[in-house]
Amino acid sequence: MRLLIKNARALVGTHPAELRRITGRSMAGLPMLEDAWLTADDGRITGFGPMAEWPGIDDWNDLTVVDAEGRYVLPGWCDPHTHTVFAAPRDGEFVDRIRGLSYQEIAARGGGILNSARMLRDMNEDDLFEQAKARLEVMMAQGTVAAEIKSGYGLSLDSELKMLRVVKRLKEALPLQLKATLLAAHALPPEFKDDRAGYLDLIVNELLPRVAEEGLADFVDVFCETNYFTVAELERVLEAGAAHGLPGKVHVNQFTSIGGIQAAVAHGALSVDHLEVMEPADLDALAGSETIPTLLPSCSFFLGIPYGPARELMERDLPLALATDHNPGSTPSGNMNFLLSLACIRLRMLPEEAVNAMTLNAAAAMRLEEELGSIAVGKRASLIVTGRVPSLAYLPYAFGQDHLDTVIIDGRPVRAGAALA
Ligand code: NIG
Ligand code: FE
């Protein structure tokens, strides 16, 4: 299957193919090629250039043509932190929060993650799969071409495996790129209330080896937070993950700063995510490391908690990434376009910085930077074609509106708009 995009107002994010991530002080640089064409074959970008130098096409058979006149073409969104497999929404807790309870108070009353775990335990694998598939189809139509999905609503051997098998089936059933993360250490299950070490033993000695053997996960995660898991427990899981070849992508500093970042950096974690509450020592620990700080501003928006310090992270020249955190408790939205607006409005990121954080750096935060995240020959032709908008800044500016026209994954339209001839 071949693809031709012609007359694009601009191809956005034409970084050099070998660029793996963009560090903070360079993030305002988003290369664009105006009035351009692009071709793809077999799902991969084969060439692009200015229309004035378009070589033309000899064989028009079996060719999908996109006339992108007046439209921007961007690398598809990459979402490196989600919990998209879950059993049911938690809109009741949402109303409880409006009435005044906090996220932590709801969790202390048996709601929150444990509520999701109870519901998931009782749901069969096929229903879980169908629900998650429908959510991912919505996300693809909103421009998402890759996502990481965590377990963590299982909290038992069987249910964690059930979640990860669902992710494996999703990888096979859907065209977008998916990565799976084992997040068994998301909350302490009630059966282990008086035996924390017993639950950690289960994760490290039984679950991780099974998951690694069956190839069910790409990464490991721990919710390192007051009242959830300690820094020592985080270290134990990261070490066990590393022994099975699974790098860490971890939840740290959402509500309190307890040293999770330092431990994650010391253990070579791929990313540290959330970072709403940051002390100077946390920023110092990240500076100069390979670990990618990932902010989740939709979670801050929904819970009314502080936003992460995007500008400070960029001033430290770190390769900031953004993700939705899509989950039923703290972020019931997988919409990266809304995230773009929040990044500009609440994190004070320039549109160019935000786009880099949601494409190349986000791809790097799930080890997909050689496949996705920029427009480069050889990469996957997974692209967004916008509507006829006046500027790139208009996308985040006119928030809450749908500015996308066509979404292409591996050279095939998954959402067909007016630009498709
Ligand atoms: O990333 N903070 C921990 N985990 C999720 C929320 C989980 C839930 O409330 O279901 C998060 O925000
Ligand atoms: Fe999360």
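Residues numbered from 1 in each chain as written. Chains lettered and ligands numbered in written order. Predicted model: local features only at pLDDT ≥ 70, side-chain atom pairs only at ≥ 80, totals over all residues. Heavy atoms only, no water.

## Notes on the coordination of the iron ion (ligand 2)
Line of reasoning, step 1. Within the protein, the atoms that donate to the iron ion (ligand 2) are His81 (NE2), His83 (NE2), His251 (NE2) and Asp325 (OD), at distances of 2.1 to 2.2 Å.
Line of reasoning, step 2. The sequence motif formed by the donor residues of the iron ion (ligand 2) is H-x1-H-x167-H-x73-D. Within this pair, whereas His83 is found in the loop between strand E6 (77-82) and helix H1 (91-98), its partner Asp325 is found in the loop between strand E13 (321-322) and helix H12 (336-345), the two being separated by 242 residues in sequence. As far as the burial class goes, His83 and Asp325 line up, both buried. (Donors = N, O, S within 2.8 Å, 3.2 Å for Na, K, Ca; no water. Helix = DSSP H or I, 4+ residues; strand = E, 2+ residues; numbered from the N terminus. Buried < 20%, exposed > 50% of the residue type's maximum accessible area, 1.4 Å probe, protein only.)

## Concerning the nonpolar core
Line of reasoning, step 1. Membership of the largest hydrophobic core comes to 119 residues, with the highest contact counts inside it found for Leu170 and Met349.
Line of reasoning, step 2. Here the element with the most residues in this core is helix H6 (residues 196-213); it accounts for eight residues. (Core = buried A, V, L, I, M, F, W, Y, C linked by side-chain atoms within 4.5 Å.)

## Considering the pattern of salt bridges
Line of reasoning, step 1. A complete count under the given rule lists 24 salt bridges for this structure.
Line of reasoning, step 2. As a salt-bridge pair, Arg210 and Glu214 come within 3.1 Å of each other at their nearest N and O atoms.
Line of reasoning, step 3. Here Arg210 falls in the partly exposed class, since its relative accessible area comes to 33%.
Line of reasoning, step 4. Taking the shortest distance from any N to any O, the salt bridge between Glu371 and Arg380 comes out at 2.6 Å.
Line of reasoning, step 5. Residue Glu371 is classed as partly exposed on the basis of its relative accessible area, which comes to 22%. (Salt bridge = Lys/Arg side-chain N within 4 Å of Asp/Glu carboxyl O.)

## A closer look at the pairing of E6
Line of reasoning, step 1. Along E6, six of the six residues are buried, which leaves the element largely enclosed by surrounding structure.
Line of reasoning, step 2. For E6 and strand E7 (residues 144-150), the ladder comprises four bridges, and the chain directions are parallel. Residue pairing for E7: Asp79 is matched across the bridge by Ala147. (Pairing = 2+ DSSP bridges.)

## A few points about the site of ligand 1
Line of reasoning, step 1. Close to ligand 1 lie 15 residues; Tyr103, Tyr153, His186, Gln254 and Ser330 are nearest.
Line of reasoning, step 2. In the model, an oxygen atom of ligand 1 is placed 3.4 Å from a nitrogen or oxygen of the His83 side chain.
Line of reasoning, step 3. His251 places a side-chain nitrogen or oxygen 2.9 Å from an oxygen atom of ligand 1.
Line of reasoning, step 4. In isolation ligand 1 exposes 330 Å². Once the protein is present, 100% of that is buried.
Line of reasoning, step 5. Partitioned by chemical class, the residues of the shell around ligand 1 number four nonpolar, nine polar and two charged. (Near = heavy atom within 4 Å. Polar contact = N/O pair within 3.5 Å; in protein donor to acceptor, adjacent residues only side chain to side chain. Areas by Shrake-Rupley, 256 points an atom, 1.4 Å probe, with all protein chains shown as cover. Nonpolar A, V, L, I, M, F, W, Y, C, P; charged D, E, K, R; others polar.)

## What about the packing of aromatic side chains?
Line of reasoning, step 1. This model, assessed by the stated rule, comprises seven aromatic pairs.
Line of reasoning, step 2. Ring geometry for Trp54 and Trp60: centres 6.5 Å apart, planes at 85 degrees, overall edge-to-face.
Line of reasoning, step 3. Here Trp54 falls in the partly exposed class, since its relative accessible area comes to 25%.
Line of reasoning, step 4. Residue Trp60 is classed as partly exposed on the basis of its relative accessible area, which comes to 45%.
Line of reasoning, step 5. Positioned above the aromatic ring of Phe86, the side-chain terminus of Arg135 is 3.5 Å from the ring centre. (Phe/Tyr/Trp six-rings, centres within 6.5 Å; stacked < 30°, edge-to-face > 60°. Lys NZ or Arg CZ within 6 Å of the ring centre and 35° of its normal.)

## Some details on a nonpolar patch on the surface
Line of reasoning, step 1. Nonpolar side chains collect at one region of the surface, where Phe94, Val95 and Ile98 lie side by side and expose about 270 Å² of accessible area between them.
Line of reasoning, step 2. You can see Val95 is positioned in helix H1. (Patch = residues over 30% accessible without salt bridge, like charges linked within 9 Å, V, L, I, M, F, W, Y side chains within 5 Å.)

## Looking at the side chain of Ser300
Line of reasoning, step 1. In this fold, Ser300 is placed in helix H10 (residues 297-303).
Line of reasoning, step 2. Overall, the relative accessible area of 2% leaves Ser300 in the buried class.
Line of reasoning, step 3. Those residues in contact with Ser300 that sit more than four places away from it in its chain are Glu276, Ile305, Pro306 and Tyr307. (Contact = heavy atoms within 4.5 Å.)

## Thoughts on H6
Line of reasoning, step 1. Here H6 is 18 residues long and its end C-alpha atoms lie 25 Å apart, about the 26 Å a rise of 1.5 Å per residue gives.
Line of reasoning, step 2. Along its length, H6 reaches its greatest deviation from straightness, about 40 degrees, at Leu207, and the proline Pro209 lies no more than four positions downstream.
Line of reasoning, step 3. Among all positions in H6, only Gly198, Tyr199, Leu200, Leu202, Ile203, Val204, Leu207, Leu208 and Val211 are buried.
Line of reasoning, step 4. Its buried side turned inward, H6 meets helix H5 (157-173), strand E8 (177-185), strand E9 (219-224) and helix H7 (231-243).
Line of reasoning, step 5. Gly215, located one to two residues past H6, shows a positive phi value of around 60 degrees. (Expected span 1.5 Å × (residues − 1). Bend = angle between axes of the 7 residues up to and from the residue.)

## Points about the side chain of Ser374
Line of reasoning, step 1. Within the secondary structure, Ser374 is located in the loop between helix H14 (360-364) and strand E14 (383-386).
Line of reasoning, step 2. A polar contact is formed between the side chain of Ser374 and the side chain of Lys379, at a distance of 2.7 Å.
Line of reasoning, step 3. If near-sequence neighbours (up to four positions away) are discounted, Ser374 is found in contact with Gly13, His15, Pro75 and Lys379.

## Let's talk about the packing of H12 against helix H13 (residues 351-358)
Line of reasoning, step 1. Where H12 meets H13, the closest approach of the two axes is 9 Å, and the angle between their N-to-C directions is 135 degrees. Regarding the angle of H12 to H13, the classification is oblique. In this structure, H12 meets H13 at a crossing whose hand is right-handed. Where H12 approaches H13, its residues Met336, Leu339, Leu340, Ala343 and Cys344 are matched on the opposing element by Pro351, Ala354, Val355 and Met358. (Axes fitted to C-alpha atoms, helices over the stretch in contact; angles between N-to-C directions. Parallel < 35°, antiparallel > 145°, perpendicular 65-115°, else oblique. Left-handed = near helix turned anticlockwise from the far one by under 90°.)

## Brief notes about the environment of Lys133
Line of reasoning, step 1. Inspection of the secondary structure puts Lys133 in helix H4 (residues 125-141).
Line of reasoning, step 2. In contact with Lys133, other than residues within four places in its own chain, are Leu170 and Leu174.

## Overview of the sheet that holds E7
Line of reasoning, step 1. The strand order across the open sheet formed by eight strands is E6-E7-E8-E9-E10-E11-E12-E13, and the pairing between neighbours is parallel. Two strands close off the open sheet at either side, each with one partner strand: E6 and E13.
Line of reasoning, step 2. Sheet topology places strand E10 (residues 249-252) next to strand E11 (residues 271-274); four bridges connect them, and they run parallel. Looking at the pairing, His251 lines up with Asp273 of E11.
Line of reasoning, step 3. In the packing of H5 onto the sheet, contacts are made with E7 and E8, and the angle to E8 comes to roughly 175 degrees.

Geometric values such as these leave the question of function open.
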